[in-house]
Structures are given as structure tokens and as C-alpha cells.
Amino acid sequence: MTDQHLLLGTCDYPEHVPRDRWETYAKQQKELGLTFIRIAEFAWSRMEPRQGEYNWKWLDDAVEAYHAEGLKVVLCTPTPTPPAWLVRQHPEILPYDREGRVRDFGSRRHYDFASPVYREHSRRITRAMAERYGQHPAVVGWQTDNEFGCHDTGRSFGGASAEAFPVWLKQKYGTLDALNTAWGNVFWSMEYTDWGQIKPPNLTVTETNPSHVLDFYRFASTMIARFQEEQIVILRELSPGRFITHNFMIFETGFDHYQVARGLDFVTWDNYPLGMLEFFAPPGHGEALKTHFARTGHPDLISFNHDLYRGLLGGQEALGREGKDTPSGFWVMEQQCGQVNWAPFNPLPADGTVQLWTAQAWAHGADVVSYFRWRAATMAQEVMHSGLLRHDETPDRGFHEVKELEQAQFPVGTVPARVALLHDYESLWLYDQQKHAQSLSYWAQTLAYYSALRALGVDVDVVHADADLSGYAVAVAPAITLVSAERAAHWERAVQGGVKLVCGPRTAFRTPGGETWAEGQFGPLSALVGAKLLQYDSLRPGLSQKVSGNGKEFEAVTWAESYRLNGAEALYKYVGGPLDGQSAAIRNGNVTVIGAHSPELISAVLDKVLTGAGVDTTPLPEGVRISRRSGRTLVQNWNLEAVEWQEQQLPGVSFQFLDGI
Amino acid sequence: MTDQHLLLGTCDYPEHVPRDRWETYAKQQKELGLTFIRIAEFAWSRMEPRQGEYNWKWLDDAVEAYHAEGLKVVLCTPTPTPPAWLVRQHPEILPYDREGRVRDFGSRRHYDFASPVYREHSRRITRAMAERYGQHPAVVGWQTDNEFGCHDTGRSFGGASAEAFPVWLKQKYGTLDALNTAWGNVFWSMEYTDWGQIKPPNLTVTETNPSHVLDFYRFASTMIARFQEEQIVILRELSPGRFITHNFMIFETGFDHYQVARGLDFVTWDNYPLGMLEFFAPPGHGEALKTHFARTGHPDLISFNHDLYRGLLGGQEALGREGKDTPSGFWVMEQQCGQVNWAPFNPLPADGTVQLWTAQAWAHGADVVSYFRWRAATMAQEVMHSGLLRHDETPDRGFHEVKELEQAQFPVGTVPARVALLHDYESLWLYDQQKHAQSLSYWAQTLAYYSALRALGVDVDVVHADADLSGYAVAVAPAITLVSAERAAHWERAVQGGVKLVCGPRTAFRTPGGETWAEGQFGPLSALVGAKLLQYDSLRPGLSQKVSGNGKEFEAVTWAESYRLNGAEALYKYVGGPLDGQSAAIRNGNVTVIGAHSPELISAVLDKVLTGAGVDTTPLPEGVRISRRSGRTLVQNWNLEAVEWQEQQLPGVSFQFLDGI
Amino acid sequence: MTDQHLLLGTCDYPEHVPRDRWETYAKQQKELGLTFIRIAEFAWSRMEPRQGEYNWKWLDDAVEAYHAEGLKVVLCTPTPTPPAWLVRQHPEILPYDREGRVRDFGSRRHYDFASPVYREHSRRITRAMAERYGQHPAVVGWQTDNEFGCHDTGRSFGGASAEAFPVWLKQKYGTLDALNTAWGNVFWSMEYTDWGQIKPPNLTVTETNPSHVLDFYRFASTMIARFQEEQIVILRELSPGRFITHNFMIFETGFDHYQVARGLDFVTWDNYPLGMLEFFAPPGHGEALKTHFARTGHPDLISFNHDLYRGLLGGQEALGREGKDTPSGFWVMEQQCGQVNWAPFNPLPADGTVQLWTAQAWAHGADVVSYFRWRAATMAQEVMHSGLLRHDETPDRGFHEVKELEQAQFPVGTVPARVALLHDYESLWLYDQQKHAQSLSYWAQTLAYYSALRALGVDVDVVHADADLSGYAVAVAPAITLVSAERAAHWERAVQGGVKLVCGPRTAFRTPGGETWAEGQFGPLSALVGAKLLQYDSLRPGLSQKVSGNGKEFEAVTWAESYRLNGAEALYKYVGGPLDGQSAAIRNGNVTVIGAHSPELISAVLDKVLTGAGVDTTPLPEGVRISRRSGRTLVQNWNLEAVEWQEQQLPGVSFQFLDGI
């Protein structure tokens, strides 16, 4: 593997530009050092202008133009954009929003994954494309659809989904008694006597039963998985030897990514560091942090997604790039190479950022980085989004950065993480439905732990909560609020195997059905933790709770949990307030629980556990990060200003290798 | 009465826990010193799993379990939660929200009070329950439904209500000419020529006619009253000797509580001090005040509701607790005993708060305080709401406070208020429709006066604007903007009888039809006030208006009114600005009007009037309050810190008796 | 013309008050010095209580009452308020909002301009009124409808408009190929194959195609123009010699005002300085500025609208007041004379403000100022809006100011502007759809240039982007983002003719179809500008970009554009950041472009250009403004405090003539 290195690509839209540009663009792309070209995800109306009337000529030409330059083509199924003739003939494929309104034609993603009619058309167009291009020598792989869940389309709250939901429930529960019990429907007389009475969990008078919501989210996720699986089956049949992937999104929560990734060869995701900062900046820092990183993005927000998608297929051996064996491979299918157009403010990236983002992607396991998009669109919704070329076809700033990037310095290889951070979409769904403290979400709590690890210079694998943990020194479960008996047993085995486990607040508060454990938190995990929940406290801004221990003081904000010890020892205790004298962080052998939400406390506890587990930590200044891959250590400075670190001067917005560390 | 004292209770949900817990819980409840258990308000689907198939066995057992311990049961009609079989068979019972959407099954309160179909089922289930339990020795009383108006369900903007509204209007007005005139429909050509043309006042292009809205609110309130009256009639018939009550809510404005209380034996309300603080904290203090009182709640927000509900049935002799004569009796049917789950942040109460809340409730006239709920729910929407027992059935913090509370120190008796604060839901509806200064509402203006009185150590009766005022030294009308000729005459008689009247701004601005008086403010009250409105001014944040008088200066914020004197004298005048030199507060004999919204000015004027009326005032520090009942004086410190007051040290979060004062 | 001077009027509603007041009011109006009375715009239900049953008696009497006093009547068509009988019989006339909901009867403007049924009734009632009053000696003119577009009613997103939109598109494009190409529908497979597939651009999953939106806005504007044109044709026929006008609104964007004004004799607008301040205060100054001008309004916000409406009919010779020749004439049809009722806060105007507003209106070209309204309404939606008389019929503060105003000091004549500010609703629609920096809108950018000019003491004509520019020394195009080849050629001719052109950022970024120029900004204007766009940058609050030149430093906020020079020279350059060293403001002969959004830079550049063009500038303190008309110079101080200026003391809230300047 070591003779391979990071490769680059771009997303191109031949159908958006005049025919006479295609060969020129392909030539320029090749000259720029690109390898892969992704195309056609929104081109249904050009492939099939009217039902059954296929027009392949233009796509033949386009593929040929890339092929002529030796570029490798990633083809997409065009299902994110059902054309007008299909939608108007079959309006029943349209999805419904939470407000009960039909989401209409006129942009993209206007379909319901559960629609049998749409499923049929999805299979039909997939088959037609695969028959035409499945064995074309230029075509090296496929992307299914595009960005499942984008624009809150992971779920439809009416129409086809409303019809399919009770059917799915009946398959799951068998009887209504089982469902009523599982959901706790007795609570507000919500018991059903007929499957047909059950609807999606929207437009209720007040909050819907979280168990009802949880199952609806599971149902919707399953619909996406089935929708995609149908395309995969056809592509496997008709396009042998080509990889199949999907481009996932930043912090998307509309479906279980682990479920939907199953069946893919490897996963890809779309990395927009500046746009995402406006929406996902860690709470508590607020506007100042957004301004500080406005031109670079926040390193941890980005790398969390890299680490998440690197681990999405878990232990499964990925088919990898071009059908070759790339064990940990994932791609960045779309990467910002200039300003985006969809955030409240869309600044220019700082000089050097496109290279920094690319280097970081590699360091976190990406085998390919593909820039969005080749030329800035001159029409329609995204005219203010940049590309490698400007509207006028001159090379934009990102183009020059890509041109100057030496790809060979980024050898493909392994990310040597000894720390696993556990993640689970069902815990996320439960947590965020009932946050109890509005400013703390599942992502925010998870990122607090992730950022603490990164600031200690530690490499992290984000893995599913049920993933194999053998081989890890430390496993961190920041917010796994759903812990089944099976999950508890799995963790217990890992701990017995020597893994040190660190849990955040709310761990094991909820059952797989979305209730709470009748025996209280930590439910089936209680013995392992050696404690039970005593209190949880939700702290409004301005209200905090002191924590003390080891001669140090910390301040818990937003959330504070305490425990009754039953074998565990207290590491830190609360001082003052309603939790005075109670445990804030506890340890039971190899298991540590941090109940107080305090970034500094989290860092102190993690540092101790890591060191104890033989994982070296390197405290890093703000905006400085180190990432390791293939035996190389990449030091990054995400600040606009130079930073003095370990007697070195790190220039602003820069990366360098520090292979001696 | 003096041998009676405050009694305690809890809200329990046997249907939410395994059958084998019932006897244990009843025993624990008894041991804790509880007297009353409220049950069954959400249990329709268990009483009648399918239409006409009643299942009483479980409820028989539950009632028996309480009875065996000598606990007294308050049974509820289960109408807040029509079951799925009823809703899906009769979707026409569902209510509509302001946006025109059906509010669907899946939580609670999904019905339209005006639905004849639902009315029939409401009577049927009430009759069935009353037949079964109406004379059970353990059953001492009934609660109708639960929390009318919760989740904005006081009004339905379509369906059955839309059909019933014109019918109600026709009964009220007789002719369309009368209605068109009363509503001033000529204003924007809004005159109707057929009753069927009239719809609820939603989804109009811009603001709806306030007279239209006012009558729709009256109509909706009447529907609730009629709905409840039908249940009362059945319960009176089948459950003789038992009381009938309803549990009202904090600051709920969806109906006229005086109208709906009529026919009840006494009223109860649901007291959630911490949750309500986040939503109803007095404006102008903002976040700092919310943080200061985050763990105790604000004393005045709570006691205002106590004082309101104590006076809801007015002069009517209440049947009282257990059918006995309790003159001023009301209950707190649900009281927070740990954190709630429905505010943006849900902190733990400070140590001692559950006792402080209970003592305060008693001091303001409560005969019973019943805690919500016995055991924290392990399923569905409220899993994060605390109970006296935790999820794991261990006693939570509130349990211990209840256990240590000596009930006998709280003798049942009279609250000796000499000050009446006048309140009227129709004034509220008119005020809040057209606030003119967005940050000042009816409640905010009313609470400014109420808080000023409490901070002067004065006990207050909140009474209807048309209540008998004889016996009061002072009547304060903070925001009674609707003053009819009858109301004016009533107040005039009271003043002639020696009551000193203090009015806030906007008093007597509006007619009973929702128009303004053609002769201007104060309409029929003009002679009594001895003045007419000159100007009103709405002040954005940052803009204020100086007021001066008696050698002191004040600052009016948000609102400033001035008057042309016609017999009255100026107490305070405006200095500078467009009102320069005009009257800000005036007096005409026993009638005083304060036109400037300034907490300090309000306090100064009230202090003077109270003293002049022989009501002693005792200025209190922030968070310290005194309340009197049954000859005892309860001093409360709501601050977390100790306060030095009158040479005493009041510990943080505490109460003590000061019977010498 | 010089013997003519400003005349005054009021808006009156005889149908809102008892019959016995009419003669009294008319007498009082005459005595106050008023000339014009506008009536009847909301009185349909009184003119035609049931379909076909006309009742003219009351209106005959009202007109006669004014006539008897020699007052001149402006009659309105009552179409803003279709009566209940019409709406309930023909619900298909109701409009739809963006959320897909029918906007119902119960307030005003509940109709769809595209409805053939409503058009028929509009013509019918117009004809009936015109037949009755068209030649009445008191009637001097007509107002069509009232405030087109108010309450976001310029567009209906369903019903009649949804049906008419594809028809209009077919007329415009002829073929679907042409439409698909023009809209760039290939972008997301949005190509249509049938006209019937096209709907209004709402309720799509995400952002709608801006070209689709742009055409929908054009369509909706055309519907308004046609609706009005039908009324004009009838009025011209039946009411010869009377003027026809419409009262436009503050910063309304729901239609192309230039298009809708065509066919009118002159335009009027409704001036509410205090209400508008809360909604339209220039961004970047925020709350402090709103508070500073809370009692006067901001002079530039007001005068911009005066200057806009003065130029709305462009070179067309206006028929003018009473059918006489008034070259630049426009009216203020409604002017605030006390507090309004529709802003979040509605303060009293400062003493003198009603006179100041009137003087300003005159100075900017108004021939008539008409106050809204005569007596404050005592019923319905606007009871908290002031009038010249209070509710109780006593003269309010504004009345006294009007009484004391000497009308003869305001001679009718010409505003001698040598600077044209270019404006275009299509550019506005495109700009605001894709702002890219959420805090900067078309209006905000335009006002930054306008305010800079006013603060330099310069008179400005706001004219259409395609208006004849000959005669102007300087033309400023702050935000004309849509520049067609024709517009570019037109500007080029103007520049060749000696006009100095100054452009703001985003100029000529978009094509008439709503795309971007494939050759990039400045598209067809590139040669004239001598440069091409290099980068644009969107700056979040807290992020700024330094600009330097001529020994001065500036700070760009929110937006920064840079250019590649191709003949032009750099006037200012960026320092630091991603634009370091690039051009921030450039000049190519008589054409200057300012790419950095910095009020100070804009002022510096404009000052230089103006001086170079022979336009004298006079830097003014904040809140002080000078305006010239008919050879007189009006100095205004809009601050509450006195200001020292040019060795004079300007009292707070005052105006004076400075004819020597």
C-alpha cells in the first residue's frame, strides 16, 4: 500500500456547460493532476427527457471526453432529482414535511423513499444507466443518489411513508399489545387497537411519545437502506468490478448511517468546513469562535466527520479505491475549494486552506479528495458557490492551491488510533428529542469529548457503540444514552479484555424501546459502573456547579449528574448547590464516568485515563492539531497567525510533517 | 376550623407500573403522611379499551389498594385523552390550530370542546365512571378532565368550533346588523350578510378585528364551561357528597377562568415554580433574574397564582375539602417536587424548596398540596420529569423534604387581605391583542403592581373586576382596560363606600365590544377619575421618560400615559420629551391613576395610598416575602443566601413564623 | 408655478362616525387649512351591501358635506376590501400565502390580482362608482385600490395565480425549450415537458431556482399592473379631467413600481417615519440608531422614498394636482401625524416632527401632504393609531402643528438634483434571493450610498436604471446586479455623454434571466468598467477587511469584492486577508466601482467623484440634512438636541430656510 498516495478528483457537470467545453475541461483536469471525475447525479431529465425516451448521446460523449484523457469516472444514479414528467404524473411520490405539507417539485430530493412507485422508477433508471455504462472502461465506480437526508429529507411525514409505517411496525411487533407495551402507550391513553390508527409522529397537540418517534426514525432509516439496496443489487449485477459508494453529509442525523452504509464498498462524505462552522460551532464559545475560525473552519468539526466516516463500515473490509484493497479507505467526495453559498455568511477561505483541508483529510484516512466543483455554475440555485474555475473559466484561488499540492507526500496507510469514541444514531435520536437543557445536544456533548481528545494530541477512531473494541486502549462513550443488555454485556467483555472505558453523562439512561430503565440509570450497565444515578441537573446559562478534586476546581455548565456509589470511587465531587458533596466523576476499576459537563474536567479525566492506558498525550494550543497516518505525523496550525509550539514556529494556516514525534 | 391543618397528597398512575407495586406504594404514601391520591385522568384506554368494552378490574384494584391504607381518592374524568379508537372513528372531534392544521392524535388534549360527538362520549365515559365509583367510600371527590387549555387547546380554529361559532353569535346578537355594529365591521368592509360567512379569526391576511377575536375567545370559553358543566351534572347525580374541582394552570389565558370555575366546589391549580420562571419571569429583569431564582422560582409569580385561584369562586361559599366547609379553600393539585421536563432548562430545586413552596401555598390559602407525581415515569413523554420516587423507586430529594414537614404547623384559616387586585380575562384578551409596546403584556403590567404590593409586605386578594369590594381598604386595577358602564358604576359605589381605588394605565380604554370609548379613555369612569386621557406613549428599550414629584425622580419605561385634569390633581408630572409638564399620576379623592410604567413610582404611589387607607406596609428586601394566614405570619427567604432583616438572620431558602408581627 | 405652494389634506372615513358629525368635520377640516379629503377605499360593503344592491345615499351625503366647504375629494376604488358576500360566494378569489394556505376574509387585501372573477367585480364596482361620482364637481381625482402589496399581498402562491402563471410563461417564452434554457433548468433536472407542470416557486424542498422566482415576481407584478389598468380605463372614460393615482408604500418590494405606476397621472405614497424606522433602520447601527431617531424617524429613510416616488414616472409629464401641470409632482397620500399602531413599539413623535416631516416632503418634491387620519378610529384593527383628532374628537398634538404651519412658505417647483441614483426592482429581487451575507440586502446597500450622498449635502434623484441620464453630472448604481446588454449600452452612452458613473459591488453580476454572466461579472459592462471580478467575500459580524489608499485606511464590513484590472486603475486596495493587495475600488475614466462595503470609503469616493463633476458637497453632522427645491434650501435638524452647524445654532427637531447657500 505504501507506494500508493492520496489521489484527487472533482465533481463535474458537463450538462451545465456548452458541448464545446468538454474536451478542454478534461484536458485541464488531467493537467491539474486530478484522477477522478464524478458526474451525472442530477442529470435524469437529460438521460430520460420523457418517460421511456432515453438520450445517452450527451453522456456517451462526456464519458468519452474524460476517458480520452485517462480520467476515471464515478457515475451517479440520478435519483435525487426525479424529473417533472415523473412527479406530475405520480404526485404520490412526493414527501411530506413535519408541518404536513407536500414538499413539491422545483429543487431537489422531492421524493419519499417509501414510495413503491418511486422505487420502481429508481430501479428502472439505475438499470438503464448500468446497462449502458456498467462496463465502460472509464467507469470505475458508482455513487448512489446524492446526499441522502439533505434538506431534512431523511423522513417523510405523510403519503407513502405514512402508509408504510404501520406495515413496518406490524412486521416488527407482530401484535398491537407488543407495540403498546413497548411504546408505553398507556401513558396518555395512546394505546392503539388497529394498525391503521398509527401515523407518523407529527402534528400532535404537544410532544409525541419518544418511543413512537424512535421507531419512526428507525423505519425511515430502513426505507433509505432498502431504497439504496435496490440500486446496489442492480449495479452489482451490471457493473462488475466497480465500486459502489454514497456521499454522506456533515453531522446529518436523518438516518442511521451505519445501517445505510452496509452494502457499500466504502463510504464518502462531503466536506464543507466553512459552511458547517456557522451551523455546528461548539456551543459555549459562540460567535467569537465562529469569527476566529471563519476562514479555516474548526479542525475538530472537520476531523470528527473524517474519523466518523472512516469507521462507518467498521471491521468490514472495504473494497476500496478502484476496486483495489484499501483497508481503511474512504473518500471526500465533495470538498469546498472556495466559498460556499448556503451559510448565513460565506467567507473566502484563507490562503492555504484548501491544501490544509486536503492534508487533514489524508491524515484522517481519506484516500481520495474530490473538489466541488469544477466550474462555478452560471445558472440556478448555486450561482454563488465557487468552483476550481470561476464563472468566467479562469482558475480560482483553490485551483492554484490544488496545482501546487504534492500528492506523493501523502502515502495511503493506516491511522494508528488507540482510542475509540463510541457513537450511535439511536442514542442521538433519543438524546435530542428530550435534551432537558436546550443548549446541549448529542453532537455538542460528543464533540466536547472528541475535542478534548484532539487537544491532547490523540488520534481517535469514531466507531459504532457495538463495534469490536479489542485493540483499543481506551473507549470513550460521550453520550450513549441507549444501552441495551446486549450492549452492556459487550462493553463488559471489552473492559474485561483490558479496554479502559470512559462514559459521559446520560450513559445507559434509556432502553432500546426509548423508555428509561425501571431500575434507573445505568440499567444493565450498573454493575460495571459500580454506581447508580442520584440526580441530574440542567443548568441555564449563568448557573453553574462547582466541582472539586485532586486539588483542582472546575465549573460544570449546562449539565451535572451525581451518583450513588456501589463499588465505584469518587474522583471528583460537587461543591455547593443541590449536589453538594455528591460524586461528579467516578471510577470503578477500568470504568470511569464523568457526570459534570466541564470541558476542563473532561480533559483532566481523559488525560489521566489515557496516560494510565499507555496512550501518550500532547497538550496542544488552540487551533493546533496533530494527526498521524502511515507512519507520518502531520502538525496543523488552523489559526491565521503563526503559533510557537515545541520550539517551532508554525506559520498561520499551515501543515508540516513531524515524523520524529 | 382551627383544629384542621394543611393536608398533603400526590398524583399517582397505577396503570403506569406493574400490578405488584400498588399495595406497596399505597403503604409508602400513607407512611409519608399523605392523605389524598389523585388518579386516572389519562386512563381512558384502560377503562374502555374498545368502544363499549369497559374494563374496571384494574381501577377497582387500584382504588381498593389506596382504600386499604385509608387514603382518599380523587378520581378524574379521563377526557383529556380520547383513545385512538374514538379519534380514528370520529376524526371530526379533533381540534384545529391557528395555522389551520388538524391537531392529531398522539399526545393529549386532541379534542374540540364544541364537538357534539365528543360531548356525547365525554358524558358517556363520565357516567360510566360515576356509576362505578360515585359512591365508593374511598372516593372523596372528582377532578374534571385535566388542565383545560394546556398546549394552547382552549380554542380550536376550525371543525366543530368553526361550525358552532356562528350559532353562538346568532344567539348573542340576534341580527347581523347588531353584530356588524358591535364589531365595527364597517371599518374594512368586513360586514357580514349571512351567519354562515363568519369564521374563526385566523388565517386572515393581516390582524383580525379585535372585536371578532374577543367574541371568539368568549365563545371558546363558553364551550369549555358547557363541556365541563355536562360532566358536573352527571357527577352530582351519581356521586353525591363528593366534591368536584378542576386543576387550572399557571397564567393560562385560553379561557375565562371565572366562567369555567362556576359550578365547581372549589378550584385547584398546578404549581410548577421553576418551569414557569423560564416562561413568565417579569420582563425588564431578564436573564439575571431568571438565574437568581432558577432554583427556587420567583415568589411573586407563584403567590400571584395562589391568590388568583383562592379568589376564583369569589364570594361563593366553597364546598371545600372532603365536602366539609372550608371557606377560602383551594388546592394545589400538582406541585413540583423535583425538576420538571418542559422548560428550556430544568434545574434541580434548591434544598428546602419543596417545603418552602408548600408553606407558601398554605400561607396563601391552600388547604391541600398534592405533589406531582408519586414515581417518576419510566415511559413516554415525561420520563425526564421527577417524582417523589425516582425511576428506580428510591425516594428522591423531594420525598425527604415532604417526610420532614410538620403539617400541623399550618392551620387552615383565613388570609386577612385588605387589598384587592382586580383581574379580568376579557381585559387581558384585549390588552394582549394590541399591546402597542411589545414587551409589556397584561400579565406583566398586572404583576408589576402585584409585586410592588408584595414587596411592601401586603397581603392581596386577586378578585374579579366586578367582585364585591366592600371590606377592602384598597382596590388596585392594574390593567382593567375593558370597563363597561356597569363596571364603572360598580367601582363608583365601592369608592363611595370608602374603598381607595388605584388604576394603572389603559384603564377603561375599551368598551365591552372591544372598541374604544367614543368619548375617549376613561369612558364611563371619567367622572370618577376626574380626568381624560391626553396621550399614550410606547417606549422602545433604551427610550425612557422622566417623571418627577414630591421631590423625587422616576423613570418610566415601555409605557407612559398623560391626562387632562378635570377635577383630579397631579401627583407626579413628566419632565422633558413629548409629555413634558403633563400629568403622570393623578388623584381624585379616593381614586388614583398611575399612567407611567415605573416599578419605583408604582411602589411609591401604592405605599402612600395604603398608608392613607390604614394598611401598614413593610418594605422587604429582594426575595424576602411575608404572608399571613390563620393569625400566623410566615416570613420567607427565597434567596439562596441568608438575608439580614429586622435584626434577624433569615437563612437561604427558608421560612419561619413571625407571629408577633 | 411659483404662485402655487404645498397644499394639505387628510384621509377621512365618514362611514366610521355618526352621520351628524360629517358637516362639523368638514368645517373643521376647512378651518385647519386642508384642501383635499381622501375617502372610501374600504367602503365597498356600504356602497354595495349585497351583490347588485347599491347604496349611494351615504356617500352622496359625505361628498356633499365636503363640497359644501369647498374641500376637494379624492375618491378611491374600494377593491382592497372585497365584502363577505363576494368572498364567500367566490372563494376562488382568495390568495394563497407562501406556505400554501388560503389567506382568508376578515381583514383586508384578501384577493388574488390574477383572479378573472375578481377582476370582473373590480371593473363592475369601479364602473358603478365612476358613473355616480365621475363628474361630481367636488371630485378632483381617484386613487386606485389602496397600498398594493401591503401585508405581502403582491403575490399569491396558489389558486388563480397558480393557474395564470404558466399561461403568462407560455406567452413570454413560446416554447418549453426556451423556458428551460432561460431558467437553466438542467441544473437539478428541473426541466419541464408540459406548461401545466409549472407552479409558483413555493413549498419546494430547498431553495427554488432564482430564475423561476424572478419570472414569478415579474408575472405577479404584471397581474397588479393589469388589474389597475382595467380600473384606469374605466375611470378615464367616466371621470374625464380627474387625476388617477395610487398610494404606494415604504420600501415595498412585492412588485415593480415603475411598471405599476405607468398609466397614472402622478404617484403618491404613504409616509410613516416612526413605524418604518423599526423595520428598516440601516443595519450596522442597530438598536442605538433606532433609539436615537425613535421620535423623529431617520431623515434618509424618509427622503429616499420621497426621491424614489418623485422619480417613479420618470420623464413622463405628470398630469399633476387637480389636473393642472405640476412637473415633478407627487403626493404624500398618508402621513403619520401622531403615533402609529403597527410597529413593535409606537412612540409619540417629538414636538415639531409633524411640521418637519411636512417640510421635508415639500423639499423633496411633494405638492400635497395628506395626513392619516382625521379622527382616530374607535373600532376594529386600528384603534391604537392616532389621527388629527383623538378618539374623543379633541385636537391631538399633530392637529396643532398642522394649524400652525404656514403653507405659503413652501412654493411648488423643481428639485435641482444633479445626481441620479439608479434603482431597479428586478435587481432587488435577484439580490435579496441570494444575499450571500445575510445582513446585507439590496435596500441596505442602496441606502448606504444614498445616505453617503445626503450626508454630503447633495440632492438626489432616484431613477430607474434605464432612465435617461442626460443632464446629470453623476449617476450612482449602488446595487444594480442585473445588467443586460441593452442596459450596459445605455450606461455607456451616458458615460460617453459626460455622466460620471459610480457602481457598488455586485453590479452586472446577473443576466436578465437571473443567471450569472458566463464571462463573469461585469458581463456586458466589462469594457466600460475596464475590469473583471476577481473575488467576492462575505464577512460575518466581527470579521472585516482592511482597505487602504490615498494615505487613508478603511474597514470593509459584510462584503468585499476585488477586481482584475483591464484598463482601470486601482483607487484603493485591500490589505491583509485573502484579498491582500487586490483592488477594492477602481476607476476607468468616468466610471468608478467600489467593491468594499464601507460607509466611510463610499463617502470618500463619492466626495471625490462629485467634486470632480462640479457638484459641491457639504459634509453634514449626523441627523442634519439639507434639501433644495424651488430655489430654496431647507436645513433640517432631526436630532432632539440642538446642533451647532456653520456657526448657526439649529434647534432640536427643526427646519429653517438657508436660501443663501
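Report on the accompanying structure. In this text the structure is predicted, and so the values were computed from the model without any measurement. (Residues numbered from 1 in each chain as written. Chains lettered and ligands numbered in written order. Predicted model: local features only at pLDDT ≥ 70, side-chain atom pairs only at ≥ 80, totals over all residues. Heavy atoms only, no water.)

Moving on: the overall build of chain A. Broken down by element type, chain A carries 19 helices and 25 strands. Relative to the compact-globule value of 26 Å for 661 residues, chain A shows a C-alpha radius of gyration of 25 Å, a close match. Expressed as lengths along the three principal axes of its C-alpha atoms, the size of chain A is roughly 75 × 70 × 40 Å. Burial analysis of chain A (661 residues in total) assigns 69% to the buried set. Of the accessible surface of chain A, which amounts to about 19600 Å², a share of 50% is contributed by carbon and sulfur atoms. Counting 59 positive and 78 negative side-chain charges, chain A places the centres of these two groups 1 Å from one another. (Helix = DSSP H or I, 4+ residues; strand = E, 2+ residues; numbered from the N terminus. Rg over C-alpha atoms; globule rule 2.2 N^0.38 Å. Buried < 20%, exposed > 50% of the residue type's maximum accessible area, 1.4 Å probe, protein only. Areas by Shrake-Rupley, 256 points an atom, 1.4 Å probe, with all protein chains shown as cover. Lys, Arg positive; Asp, Glu negative; His and termini not counted. Charge placed at Lys NZ, Arg CZ, Asp CG, Glu CD.)

For the rest of this paragraph, the subject is the relation of the copies chain C and chain B. Of the transformation superimposing chain C on chain B, the axial component is 0.0 Å and the angular component is 120 degrees, with the fit at an RMSD of 0.0 Å. Seen this way, the second copy is the image of the first under a three-fold rotation axis. (Least-squares fit on C-alpha atoms with pLDDT ≥ 70 in both.)

A few words now on the environment of Tyr118(A). Residue and element names in this part refer to chain A. If you trace the backbone, Tyr118 turns up in helix α5 (residues 116–133). Classification of Tyr118 as buried rests on a relative accessible area of 0%. Spatially, the C-alpha atom of Tyr118 lies 29 Å from that of Leu179, the residues being 61 residues apart in sequence. Once residues within four sequence positions are removed from consideration, Tyr118 is found in contact with Trp44, Thr79, Pro82, Leu86, Ile93, Tyr111, Asp112 and Phe227. From its side chain, Tyr118 meets the backbone oxygen of Thr79 in a polar contact 2.6 Å long. (Contact = heavy atoms within 4.5 Å. Polar contact = N/O pair within 3.5 Å; in protein donor to acceptor, adjacent residues only side chain to side chain.)

This part covers the interface of chain C and chain B. Facing the 60 residues of chain C at the interface are 54 residues of chain B. When the two sides are added together, the surface that chain C and chain B hide from each other amounts to roughly 4900 Å², 54% of it contributed by carbon and sulfur. Three residues stand out in chain C for area buried against chain B, namely Phe345(C), Gln381(C) and Met384(C), and they jointly supply 16% of the buried area on that side. For the pair chain C and chain B, the interface holds eight salt bridges. Here Arg295(C) ties to Asp537(B) by a salt bridge, and the two come within 2.7 Å at their closest N and O atoms. At the level of elements, α2 (44–47), α4 (84–89) and α11 (286–292) of chain C are the ones that each hand at least two residues to the side of chain C that touches chain B. When grouped by side-chain class, the residues that make up the side of chain C that touches chain B number 22 nonpolar, 17 polar and 21 charged. (Buried area = accessible area lost by both parts, 1.4 Å probe. Salt bridge = Lys/Arg side-chain N within 4 Å of Asp/Glu carboxyl O. Nonpolar A, V, L, I, M, F, W, Y, C, P; charged D, E, K, R; others polar.)

Take helix α17 (residues 485–496) of chain B next. In this model α17(B) runs 16 Å from its N-terminal to its C-terminal C-alpha over 12 residues, within 8% of the 16 Å that 1.5 Å per residue would give. Looking at the residues trailing α17(B), positive phi occurs at Gly498(B), about 110 degrees. (Expected span 1.5 Å × (residues − 1).)

The next subject is the sheet that holds strand β2 (residues 36–39) of chain A. All names here are of chain A. One open sheet holds the nine strands; their spatial order is β5-β4-β3-β2-β1-β9-β8-β7-β6, and the pairing between them is parallel. Only two strands of the sheet have a single partner each, and these edge strands are β5 (243–245) and β6 (247–248). The pairing of strand β7 (residues 268–271) with strand β8 (residues 330–336) spans four bridges and is classified as parallel. For Trp269, the partnering residue across the bridge sits in β8 and is Val332. Contacts from helix α12 (residues 299–310) reach β6, β7 and β8, with the element oriented near 170 degrees to β7. (Pairing = 2+ DSSP bridges. Axes fitted to C-alpha atoms, helices over the stretch in contact; angles between N-to-C directions.)

Turning our attention to the packing of aromatic side chains. Two aromatic rings are characterised by how far apart their centres lie and by the angle between their planes. Scanning the entire structure with this criterion turns up 153 aromatic pairs over all chains. Taken together, a centroid distance of 6.1 Å and an interplanar angle of 80 degrees make the contact between Tyr13(C) and Phe372(C) edge-to-face. Here Tyr13(C), found in the loop between β1 (7–11) and α1 (22–31), pairs with Phe372(C), found in strand β9 (residues 366–372); they are 359 residues apart in sequence, far enough to count as distant. Both residues of the pair, Tyr13(C) and Phe372(C), belong to the buried class. Put simply, the rings of Trp44(A), Tyr111(A), Phe113(A), Tyr118(A), Phe148(A), Phe227(A), Phe248(A), Phe255(A), Trp269(A) and Tyr309(A) pair up and form one aromatic cluster. (Phe/Tyr/Trp six-rings, centres within 6.5 Å; stacked < 30°, edge-to-face > 60°.)

Moving on: the nonpolar core. Counting 658 residues, the largest nonpolar core has Trp491(A), Trp491(B) and Trp491(C) as its most contacted members. Leave out the neighbours within four places in its chain, and Trp491(C) touches Leu422(C), Ala465(C), Ala477(C), Ile480(C), Val483(C), Leu501(C), Cys503(C), Thr507(C), Leu525(C) and Leu528(C). (Core = buried A, V, L, I, M, F, W, Y, C linked by side-chain atoms within 4.5 Å.)

Before going further, it helps to spend a moment on the environment of Lys573(B). Residue and element names in this part refer to chain B. With respect to the secondary-structure elements, Lys573 resides in strand β18 (residues 569–575). Assessed through its relative accessible area of 41%, Lys573 is described here as partly exposed. Counting along the chain gives 45 residues from Lys573 to Thr618, while the straight-line C-alpha distance between them is 27 Å.

Remember, this is a structural readout, not a statement about activity or role.
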